[in-house]
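So the chains spell out like this:
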Protein chains: 2
Amino acid sequence: MSIELLERLSQPNESKLVLLVLDGVGDLRTPSQPRTPLEMADTPNLDALAAAGSTGRIVPVEPGITPGSGPGHLALFGYDPREPEADIGRGVLEALGADVEIRAGDVAARGNFASADEDGNVTDRRAGRISTEECRRLVEKLRGAVPDDLGIEVRIQAGEGHRFVLLLRGRELSPELADTDPQQTGVPPEPVRAVEPEGERTAEAVRRLLRSFEETLADEERANRVLLRGFSTLPALRTLEELYGIRCGAFAGYPLYRGVAAVCGMEKLPSGQSFGEILDRVEESWDRFDYLFLHVKKTDQAGEDGSLEDKVAALEAVNRELPRLLDLGPDVLAVTGDHSTPAPMKRHSWHPVPLVLVSETAFVDPVERYDEASVIGGHLGTIPSRHLLGLMLAHGGRLAKFGA
Amino acid sequence: MSIELLERLSQPNESKLVLLVLDGVGDLRTPSQPRTPLEMADTPNLDALAAAGSTGRIVPVEPGITPGSGPGHLALFGYDPREPEADIGRGVLEALGADVEIRAGDVAARGNFASADEDGNVTDRRAGRISTEECRRLVEKLRGAVPDDLGIEVRIQAGEGHRFVLLLRGRELSPELADTDPQQTGVPPEPVRAVEPEGERTAEAVRRLLRSFEETLADEERANRVLLRGFSTLPALRTLEELYGIRCGAFAGYPLYRGVAAVCGMEKLPSGQSFGEILDRVEESWDRFDYLFLHVKKTDQAGEDGSLEDKVAALEAVNRELPRLLDLGPDVLAVTGDHSTPAPMKRHSWHPVPLVLVSETAFVDPVERYDEASVIGGHLGTIPSRHLLGLMLAHGGRLAKFGA
């Protein structure tokens, strides 16, 4: 509903919209962590945004729902991550994360090297957590084992540890295949099986491929099997440019986030991983885009590591470089996160994420600090993440009146 | 969904519900306007409502969506303005605004007098912004030019300046016609064209009508063409009385707002335009209605004019007369707006609108002032406008328990 309405009302102008995502920024106050990283960090520039603009909170999907990076970001970009067309499969997400180029119609799967005993039963689903280097050697071996007459193009890209990405390219491929990963040890891998009739042809090709892989891995001590899961194709999302006529650039140090943005039609602008390096690219490309998505990963990493100290440091680093972004003069600047990653939990969570929005038409609310508790009383209230794009377009003057 | 639920649960009683709409009441704090009109105005009676009742905010449609007067009011009356059946077309809205009686099945269009050169290309879409008086003369001419054998009744009502309303009444008319207004100069008007097969018969009649209009306007120096847009019929909404068994009266000084209310089945009670004059009519008719919609226009006008001073004065005028309304003893009184019209923006906006609700069952929250920032912390929270009617019915004891 929202997307159709926004599309219908959107109108072009010259305004520049910037979304700065501090991944996993939201955190917790608990008895053992009585102040959140945002409360502890010295962030006068971020706080100045809160004082100058409107604040509030976003709920990534629904109360209680913890999003992965895909749904978290799609919601920030205005899509409803609960809709089937916004479903980014695991295979595609892995491909995006590994910077494997993936096109419409390609089928991607997440691969694991695994160990099996003489009876063919899986003994270790991660092949003893082999090294990334070892993984690269094994992937090279797999590449050599792709049958010449398979009739489809096969790309294999090593990931970290035991992980790799398998990408199939060809005509009429289908992702309707069940996982071969049995999700337990002591049993053989699941056979390759189509879950819909249209997956049959692809299943046959993958069967041949796995037989060939198994033969070539037979002499390996640990990694003598391959497990596949998450067969998927790129979601067929209408792009932000198609929908709202905005040229979008994704500035991120990590391929996964550039990849999710590319799914929405954004141009990928790889950069270094620090906010400063990201800003270097933003400054170079400022004139080319209407909507710029900047992604800072460090806040999330620190949360996943459970390191309050690192999260504070990451926030202070963003704070230091922030004036460079303001100097570019965005018409609308929104700072928030795709989800919370509370340090005490060491993982993504469902907690609402603090939001600040600055523009000429923002209500200057009484909130003067950008942190979880302060923004509860902000003018933007607590809204689903998928409404943020509408707010940004509105503040940029890019939405016409609805009805007469 | 909401409507079906409310309908199912609604139960009759004797309570009186009053909705006082201060059109466009919400405003902004910005660097150049550090206090909103509500914050600046001296409104002890409005503030006393806040102190005595519950406060909160309503979001007209969705975050970022700026409603026109039609969707803004339909939402206050409990309808979801995003639903196709609640779509009030421009033609119908113009007819309502001009106080043209419009019935189910009538097709209304907004007309412009325009200028065209010898080649038939439009040179001015507003015929040099002719006077309202000139418009009336031309409309008289058009009336004389309606073919006798057209087979449908044609009503034409002059509006302000170059504007008029065209109303077609007859059997099996359809609004499925494209605009003839080309929205630019240097090209001829668009031909009359049905956009669905069922529009063909109506299109043929309008073609004949326009040919005749053109002949009769041929000797005019400026207004020698007619452009039509927004062909539409009354939305087929179920009335508030059908749905909830409430007899509704609309007390408004302007036909547009009475018209939108009439679409929901309210009885129209024209009045003068000041709040005092509106209250005169309310006092006369108090016993006849369960739900009374009072519309104050001045707040919106002041916002559209960008006049902080006028908006403050309009609010203080409402405040002065407010005790007369309270003396009538409404069981539920809600004061809010259909949208914000911030003076710095000089137009409708999407910003949440402050709400106060007083009734015996209202939570007396700590908020003591009726203004944008104070009510953020109110007990009603921030809710879509379309939920207000349910709250009013509930506080009036007019909703049964849902489920056992």
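Residues numbered from 1 in each chain as written. Chains lettered and ligands numbered in written order. Predicted model: local features only at pLDDT ≥ 70, side-chain atom pairs only at ≥ 80, totals over all residues. Heavy atoms only, no water.

K.L.:
Mind showing me how you'd approach the overall build of chain A here?
P.N.:
The helix and strand tally for chain A stands at 13 helices and 13 strands. Computed over C-alpha atoms, the radius of gyration of chain A comes to 23 Å, within 12% of the 22 Å expected from 2.2 N^0.38 for 404 residues, which places it in the range of a compact globule. Projected onto the principal axes, the alpha-carbon positions of chain A cover approximately 70 × 50 × 40 Å. By sequence separation, contacts in chain A at least 24 residues apart represent 73% of the contacts at least 6 residues apart. Entry remark: accessible area of chain A is about 16,200 Å², with carbon and sulfur atoms responsible for 45%. (Helix = DSSP H or I, 4+ residues; strand = E, 2+ residues; numbered from the N terminus. Rg over C-alpha atoms; globule rule 2.2 N^0.38 Å. Contact = heavy atoms within 4.5 Å. Areas by Shrake-Rupley, 256 points an atom, 1.4 Å probe, with all protein chains shown as cover.)

K.L.:
Would you explain helix α1 (residues 2-9) of chain A in this entry?
P.N.:
Side chains that are three or four residues apart share a direction in an α-helix, a result of its 3.6 residues per turn. All names here are of chain A. Among the residues of α1, those classed as buried are Ser-2, Ile-3, Leu-5, Leu-6 and Leu-9. All buried residues of α1 lie within an arc of 165 degrees about the axis, which places them on one face of the element. Here the buried face of α1 lies against α8 (240-244) and α13 (388-395). (Buried < 20%, exposed > 50% of the residue type's maximum accessible area, 1.4 Å probe, protein only. Arc of directions from axis to C-beta.)

K.L.:
I would appreciate a short explanation of the environment of Asp310(A) in the present structure.
P.N.:
Residues and elements named next belong to chain A. Locating Asp-310 in the fold gives a position in helix α12 (residues 308-327). Residue Asp-310 is classed as partly exposed on the basis of its relative accessible area, which comes to 39%. Taking the C-alpha atoms as reference points, Asp-310 and Pro-37, separated by 273 residues in sequence, lie 8.9 Å from one another.

K.L.:
I keep staring at the sheet that holds strand β1 (residues 17-22) of chain A and nothing clicks. Help me out?
P.N.:
The pairing of strands in a sheet comes from backbone hydrogen bonds and takes either a parallel or an antiparallel form. All names here are of chain A. Strand order in the open sheet made by the eight strands is β9-β8-β10-β1-β11-β12-β2-β13, with mixed pairing throughout. The open sheet is flanked by β9 (267-270) and β13 (381-384), the only strands paired with a single partner. Ignoring strand direction, the axes of neighbouring strands in this sheet form an average angle of 20 degrees. Direction of pairing for strand β8 (residues 248-252) relative to β9: parallel, over a ladder of four bridges. (Pairing = 2+ DSSP bridges. Axes fitted to C-alpha atoms, helices over the stretch in contact; angles between N-to-C directions.)

K.L.:
For this particular structure, what's the right way to read the relation of the copies chain A and chain B?
P.N.:
Applying a rotation about an axis and a shift along it to one chain copy brings it onto the other copy. For the pair chain A and chain B, the best superposition has an RMSD of 0.2 Å and corresponds to a rotation of 124 degrees with a translation of 0.1 Å parallel to the axis. The operation mapping one copy onto its partner corresponds to a three-fold rotation axis. When C-alpha distances to the rotation axis are compared across chain A, the minimum falls at Gly377(A), with a value of 3.7 Å. (Least-squares fit on C-alpha atoms with pLDDT ≥ 70 in both.)

K.L.:
What exactly am I supposed to notice about the sheet that holds strand β11 (residues 332-336) of chain B here?
P.N.:
Residue and element names in this part refer to chain B. Spatially, eight strands are ordered β9-β8-β10-β1-β11-β12-β2-β13 in an open sheet, and the strand pairing comes out mixed. Edge strands, defined here as strands with exactly one partner in the open sheet, are β9 (267-270) and β13 (381-384). Going from strand to strand, the sheet's axes swing by 25 degrees on average, the running direction of each strand aside. For strand β8 (residues 248-252) and strand β10 (residues 291-296), the ladder comprises five bridges, and the chain directions are parallel. Each bridged residue has a counterpart across the sheet, and for Ala-252 the counterpart in β10 is His-295.

K.L.:
Just to check I follow, could you spell out the interface of chain A and chain B for this structure?
P.N.:
Across the boundary between the two partners, chain A contributes 28 residues, which contact 29 residues of chain B. Note on chain A versus chain B: buried area summed over both sides is about 2,300 Å², and carbon and sulfur give 68% of it. Ranking the residues of chain A by area buried against chain B places Phe363(A), Phe402(A) and Ala404(A) at the top, with a combined share of 30%. The interface formed by chain A and chain B includes zero salt bridges. The tally of links between chain A and chain B comes to nine residue pairs in polar contact (both at pLDDT 80 or more). (Buried area = accessible area lost by both parts, 1.4 Å probe. Salt bridge = Lys/Arg side-chain N within 4 Å of Asp/Glu carboxyl O. Polar contact = N/O pair within 3.5 Å; in protein donor to acceptor, adjacent residues only side chain to side chain.)

K.L.:
Is there a simple way to explain helix α3 (residues 44-52) of chain B in this structure?
P.N.:
Residues and elements named next belong to chain B. If you check which residues of α3 are buried, you get Leu-46, Asp-47, Leu-49 and Ala-50. Taken around the axis of α3, the buried residues stretch over an arc of 150 degrees, which confines them to a single face. Tucked into the core, α3 has its buried residues touching β2 (54-59), α12 (308-327), β11 and β12 (353-359).

K.L.:
I'm lost on the confidence of the model for chain A in this one. Help?
P.N.:
If pLDDT is low for a region, its predicted coordinates should not be looked at in detail. Confidence in the prediction for chain A averages 96 pLDDT; 100% of positions are at 70 or higher. Reported confidences for the modelled complex are a pTM of 0.91 and an ipTM of 0.90. (pLDDT = per-residue confidence, 0-100.)

K.L.:
Quick question: what am I supposed to make of the environment of Ile278(B) here?
P.N.:
Among the secondary structure elements, Ile278(B) is positioned in helix α10 (residues 275-285). It is 24 Å that separates the C-alpha atoms of Ile278(B) and Pro60(B), two residues lying 218 residues apart in sequence.

K.L.:
Could you clarify how one ought to interpret the pairing of β11(B) in this entry?
P.N.:
For a regular strand, side chains alternate in direction, first toward one face of the sheet and then toward the other. All names here are of chain B. Across the five residues of β11, five count as buried, placing the element largely inside the fold. Burial of β11 is two-sided: the residues Val-332, Ala-334 and Thr-336 facing one way and the residues Leu-333 and Val-335 facing the other way are all buried. Taken together, the four bridges between β11 and β12 define a ladder with antiparallel strand orientation. For Leu-333, the partnering residue across the bridge sits in β12 and is Val-358.

K.L.:
Any chance you could explain the pattern of salt bridges here in plain terms?
P.N.:
Close approach of charged atoms lets side chains of opposite charge pair. Taken as a whole and assessed by the stated rule, the structure comprises 69 salt bridges over all chains. Salt-bridge contacts for Asp80(A) lead to Arg386(A); the nearest nitrogen and oxygen are separated by 3.9 Å. Residue Asp80(A) is found in the loop between α4 (69-76) and α5 (90-97), and its partner Arg386(A) is found in the loop between β13 and α13; the two are separated by 306 residues along the sequence. In this structure, Glu267(B) engages Arg288(B) in a salt bridge whose closest nitrogen and oxygen atoms are separated by 2.4 Å.

K.L.:
Looking at this structure, I do not really get the packing of helix α5 (residues 90-97) of chain B against helix α9 (residues 255-263) of chain B. What am I missing?
P.N.:
The packing of two helices is summarised by the inter-axis angle and the distance between the axes. Residue and element names in this part refer to chain B. The N-to-C vectors of α5 and α9 enclose an angle of 120 degrees; their axes lie 7 Å apart at closest approach. Relative to α9, the element α5 lies oblique. When α5 is examined against α9, the residues Leu-93, Leu-96 and Gly-97 are found in contact with a partner set consisting of Pro-255, Leu-256, Gly-259, Val-260 and Val-263. Along the lines of polarity and charge, the residues of the contact of α5 with α9 split into six nonpolar, two polar and no charged. (Parallel < 35°, antiparallel > 145°, perpendicular 65-115°, else oblique. Nonpolar A, V, L, I, M, F, W, Y, C, P; charged D, E, K, R; others polar.)

K.L.:
Explanation requested: the nonpolar core in the structure shown.
P.N.:
Grouped burial of nonpolar side chains is what soluble globular proteins tend to show. Ranked by internal contacts, the top residues of the largest apolar core, which has 91 residues, are Leu19(A), Leu20(A), Phe77(A), Leu240(A), Tyr291(A), Phe293(A) and Leu294(A). With residues near it in sequence (within four places) discarded, Tyr291(A) still touches Leu17(A), Leu19(A), Leu76(A), Phe77(A), Ile246(A), Arg247(A), Cys248(A), Gly249(A), Met266(A), Leu389(A) and Met392(A). Counting residues in hydrophobic clusters, the runner-up holds 79 residues, among them Leu93(B), Ala261(B), Val296(B) and Leu325(B). (Core = buried A, V, L, I, M, F, W, Y, C linked by side-chain atoms within 4.5 Å.)

K.L.:
How should the packing of aromatic side chains be read in this particular structure?
P.N.:
The way to describe two aromatic rings as a pair is by their centre distance and the angle between their planes. Residue and element names in this part refer to chain A. Enumeration over the complete set of coordinates arrives at six aromatic pairs over all chains. Ring centres of Phe-77 and Phe-293 lie 4.9 Å apart, and the angle between their planes is 75 degrees; this geometry places the pair in the edge-to-face category. With Phe-77 in the loop between α4 and α5 and Phe-293 in strand β10 (residues 291-296), the pair connects residues that are 216 residues apart, well separated along the chain. Residue classification places Phe-77 among the buried positions, given a relative accessible area of 1%. Phe-293 sits in the buried class, given a relative accessible area of 0%. Pairing Phe-113 with Phe-164 gives two aromatic rings, centres 4.9 Å apart and planes at 45 degrees, and the pair type is tilted. On the criterion of sequence distance, the pair formed by Phe-113 in strand β3 (residues 107-116) and Phe-164 in strand β6 (residues 163-169) is long-range, its members being 51 residues apart. Note on Phe-164: relative accessible area 0%, which makes it buried. If you follow Lys-16 out to its NZ or CZ, it ends over the ring of Trp-286, 5.5 Å from the centre. (Phe/Tyr/Trp six-rings, centres within 6.5 Å; stacked < 30°, edge-to-face > 60°. Lys NZ or Arg CZ within 6 Å of the ring centre and 35° of its normal.)

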